[in-house]
Amino acid sequence: MAFKVTGDERGEWSVLQVTGELDLVTSPVLRQRIHDVVAHGRHDLVLDLGDVFFCDSSGVGVLIAARRLIRSCRGRLRLILPAGGAEDGSHVNRVLAALGVRRLFDVYPHLAAAVDEEPLSA
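This is a predicted model, so every value here is computed, not measured. (Residues numbered from 1 in each chain as written. Predicted model: local features only at pLDDT ≥ 70, side-chain atom pairs only at ≥ 80, totals over all residues. Heavy atoms only, no water.)

Quick question: what am I supposed to make of the overall build of the protein here?
Within the protein, the secondary structure is distributed over four helices and five strands. Classification of the 122 residues of the protein by burial places 48% in the buried group. Taking contacts inside the protein between residues at least 6 apart in sequence as the whole, the part at least 24 apart equals 66%. Counting every atom, the protein has about 6,300 Å² of accessible surface; 51% of that belongs to carbon and sulfur. (Helix = DSSP H or I, 4+ residues; strand = E, 2+ residues; numbered from the N terminus. Buried < 20%, exposed > 50% of the residue type's maximum accessible area, 1.4 Å probe, protein only. Contact = heavy atoms within 4.5 Å. Areas by Shrake-Rupley, 256 points an atom, 1.4 Å probe, with all protein chains shown as cover.)

Pasting the structure below:
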């Protein structure tokens, strides 16, 4: 599965769906897409990571930097990390939990919840 980032808008939310491996080679692409969204004045962002099947420390770094950027704009960042994502469970969810940073993010099981509901975790 090739790395891909696609964008959409859902009301006040910009949505970036990420597919493939989020690693040293691909994380700059996601970082740039996040910066592009913010540069266009969109400060409420959902990152759908359900189809990311591998994430290394550079990918985690992009997520933490995105959180910092969005917060500096007084925006909101939400992650979609479904339990059944990436076929057998969200790899990103496991990596964030193992590193002790999952609590930094508002996490949702699917897009409808992310754009309509309160977070599962803060």
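Looking at this structure, I do not really get the sheet that holds strand β1 (residues 4-10). What am I missing?
What holds strands together in a sheet is hydrogen bonding between their backbones, with the strands either parallel or antiparallel. Taken in spatial order, the five strands of this open sheet run β1-β2-β3-β4-β5, and their pairing is mixed. In this open sheet, the two edge strands, each paired with only one partner strand, are β1 and β5 (106-108). Sheet twist, expressed as the average angle between the axes of neighbouring strands with direction ignored, equals 25°. Where β1 meets strand β2 (residues 13-22), seven bridges bridge the pair, whose relative direction is antiparallel. Note on β2: the bridge partner recorded for Glu 9 is Ser 14. Its contacts with the sheet place helix α3 (residues 91-99) against β3 (44-55) and β4 (76-80), and it is angled at close to 95° to β3. (Pairing = 2+ DSSP bridges. Axes fitted to C-alpha atoms, helices over the stretch in contact; angles between N-to-C directions.)

Honestly, a nonpolar patch on the surface in this entry has me stumped. Any pointers?
A cluster of nonpolar side chains, contributed by Met 1, Phe 53 and Phe 54, occupies part of the molecular surface with about 300 Å² of accessible area. Accessibility expressed as a relative area gives 63% for Met 1, which makes it exposed. (Patch = residues over 30% accessible without salt bridge, like charges linked within 9 Å, V, L, I, M, F, W, Y side chains within 5 Å. Salt bridge = Lys/Arg side-chain N within 4 Å of Asp/Glu carboxyl O.)

Got a minute to help me understand the packing of helix α1 (residues 27-39) against helix α2 (residues 57-72) in this structure?
Close contact between α1 and α2 brings their axes to 9 Å; oriented N to C, the two are set at 10°. By the angle between their axes, α1 is roughly parallel relative to α2. Facing Ser 27, Leu 30, Arg 31, Ile 34, His 35 and Val 38 of α1, the residues of α2 in contact are Ser 58, Gly 59, Val 62, Ala 65, Ala 66, Leu 69 and Ile 70. (Parallel < 35°, antiparallel > 145°, perpendicular 65-115°, else oblique.)

What is the right way to look at α2 in this model?
Note on helix geometry: an α-helix contains 3.6 residues per turn, so any two residues three or four positions apart are oriented the same way. Here α2 contains 16 residues, and its C-alpha end-to-end distance of 22 Å stays within 8% of the 22 Å for a straight helix at 1.5 Å per residue. On its buried side, α2 packs onto β2, α1, β3, β4 and α3. Phi turns positive one or two residues past the end of α2, at Arg 74, with a value near 60°. (Expected span 1.5 Å × (residues − 1).)

What is the right way to look at the nonpolar core in this model?
Judged by nonpolar contacts, the single largest core of 28 residues is most densely connected at Leu 30, Ile 34, Leu 47, Leu 49 and Leu 96. When contributions to this core are tallied by element, the ones reaching two or more residues are β2, α1, β3, α2, β4 and α3. Sequence-distant contacts of Leu 96, that is, excluding residues within four places in its chain, are made with Val 60, Leu 63, Leu 79, Leu 81, Val 101, Arg 102 and Phe 105. By size, the runner-up hydrophobic cluster in this structure holds nine residues, among which are Trp 13, Ile 80, Leu 111 and Ala 113. (Core = buried A, V, L, I, M, F, W, Y, C linked by side-chain atoms within 4.5 Å.)

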